[in-house]
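Examination of the molecular architecture
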Amino acid sequence: MGRSLPDSPNLPVPIRSSPLGRLDELAAIPEEEIWLAKQKSKQTRRAYRLDVRHFVRALDILSIEALRQVDHRAVIAWERMQREQEGAAPSTIRRRLAALSSLFKHLVKHGAASRNPVVDVDRPAINRDEGSTAAFSKAEARKLLDAPPADTLAGLRDRAILSVGLQVGFRRAEIAALNVGDLHQNRGFDALRVTRKGGRREALAINPQAAQRIRAYLDIAGHSDQLDAPLFRPLRGNAKPLDAAGRMDPDAIDRLVRKYAAEIGLGRGYSALSMRATFITTALENGAQLEDVQKMAGHRDPSTTKLYDRRHYNPEKAASFFATD
């Protein structure tokens, strides 16, 4: 049996201080772990790990050596299984294939695999002109913003989180990564510093109500003077164990949105990403320029921002409404 495949790859620590020992230990690290560790974003590392783990478990791959020997037939079988048995969305399948392809590109580059088996596999087509994320209407967004109670710590925290999502447009991971000191003033306007994908930092002016809600939460939470501490903190009773650093899990923000969406009478299909689609659509609808919305959303390409634009979706103008009774 070859080396077992690590379930959660991480670089071993600590590395011994001896120069020869350090080189020996570095040389022993599997390239799969090097590939994962070189990804700059924590969220990317997590997503890649889960996507490759899905492949490994689906094909019952038990060793690193076996993983490196897979060919296009194994990848084709995996793609078909996702599509026909799991009913996975085309975007999910494409993402998983991209993660596996990234791994094998690294392995080939460093001599750990002979070729990339993903290049011979057709990826499912997706509509690049229109996204599928459901957005809230303006009235629904207003109800959602006011759904959490304003007289409890949990309610004030959730009101602030929803405001950052709906009125600032940050990703759930970006919301979870905010520190207290990220809320500041720049040229007399409230602003938030945000860590984008890839680790780049930006400071952006924010909606005054979002700033007011963050401060209302901090006044009750009692950690407003801890500038380097997490801004939004998990509460006991979360589905996952509390983070050692006191930071919320991005998945908890997703659950939070679903919870309050249900409370205001909305069905399934809404998530934290719906806040982002709502922000982009509403900002464009109210006259913001595409390049300004793109910057606020943290997109490198305006075509990505356009995927979240739901202005064209107006059920009241659908042809079906004008059909005869």
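These numbers were taken from a predicted model, which means no experiment stands behind them.

Considering the overall build of the chain
A tally of helices and strands in the chain yields 14 helices and three strands. Looking at the chain alone, contacts between residues at least 24 apart form 60% of all its contacts between residues at least 6 apart. Surface exposure of the chain reaches about 18,400 Å², of which carbon and sulfur atoms provide 51%.

Some thoughts on the sheet that holds strand β2 (residues 189-195)
The strand order across the open sheet formed by three strands is β1-β2-β3, and the pairing between neighbours is antiparallel. Lying at the two open borders of the sheet, with one neighbouring strand each, are β1 (183-186) and β3 (201-205). Pairs of neighbouring strands in the sheet enclose a mean axial angle of 40 degrees, with direction left out of account. As paired elements, β2 and β3 share five bridges and run antiparallel to each other. Among the inter-strand pairings, Ala191 is bridged to a residue of β3, identified as Ala205. Sitting on the sheet, helix α10 (residues 208-221) is in contact with β1 and β2, with an inclination near 135 degrees to β1.

Quick look at the pattern of salt bridges
Applying the stated criterion to the full structure yields 23 salt bridges. The salt bridge partner of Glu32 is Arg68, with a shortest N-O separation of 2.8 Å. You can see Glu32 sitting in helix α2 (residues 31-37) and its partner Arg68 sitting in helix α4 (residues 64-68), a full 36 residues away along the chain. There is no split in this pair, since Glu32 and Arg68 are both buried. One salt bridge connects Asp254 with Arg172, and the closest N-O pair in it is separated by 3.8 Å. A residue pair is termed long-range when its members are at least 10 positions apart, and Asp254 in helix α11 (residues 250-263) and Arg172 in helix α9 (residues 172-176) qualify at 82 residues. We classify Asp254 as buried; its relative accessible area is 13%.

So, the confidence of the model for the chain
For the chain, mean pLDDT is 84; residues scoring 70 or higher make up 82% of the total. Per-residue pLDDT, averaged within each element of the chain, yields its smallest value for helix α1 (residues 19-28) (56) and its largest for helix α8 (residues 153-167) (96). Here residues 9-21 scores under 50 on pLDDT; set against residues more than four positions off or in separate chains, the count is 18 contacts. Within the model, pLDDT remains below 50 along residues 237-242, and this stretch shows seven contacts once partners closer than five positions in the same chain are excluded.

Comments concerning the environment of Ala177
Along the chain, Ala177 turns up in the loop between α9 and β1. Along the backbone, Ala177 and Arg247 are 70 residues apart, and their C-alpha atoms lie at a distance of 7.3 Å. Aside from chain neighbours lying at most four places away, what touches Ala177 is Asp182 and Arg247.

Thresholds applied
Residues numbered from 1 in each chain as written. Predicted model: local features only at pLDDT ≥ 70, side-chain atom pairs only at ≥ 80, totals over all residues. Heavy atoms only, no water. Helix = DSSP H or I, 4+ residues; strand = E, 2+ residues; numbered from the N terminus. Contact = heavy atoms within 4.5 Å. Areas by Shrake-Rupley, 256 points an atom, 1.4 Å probe, with all protein chains shown as cover. Pairing = 2+ DSSP bridges. Axes fitted to C-alpha atoms, helices over the stretch in contact; angles between N-to-C directions. Salt bridge = Lys/Arg side-chain N within 4 Å of Asp/Glu carboxyl O. Buried < 20%, exposed > 50% of the residue type's maximum accessible area, 1.4 Å probe, protein only. pLDDT = per-residue confidence, 0-100.

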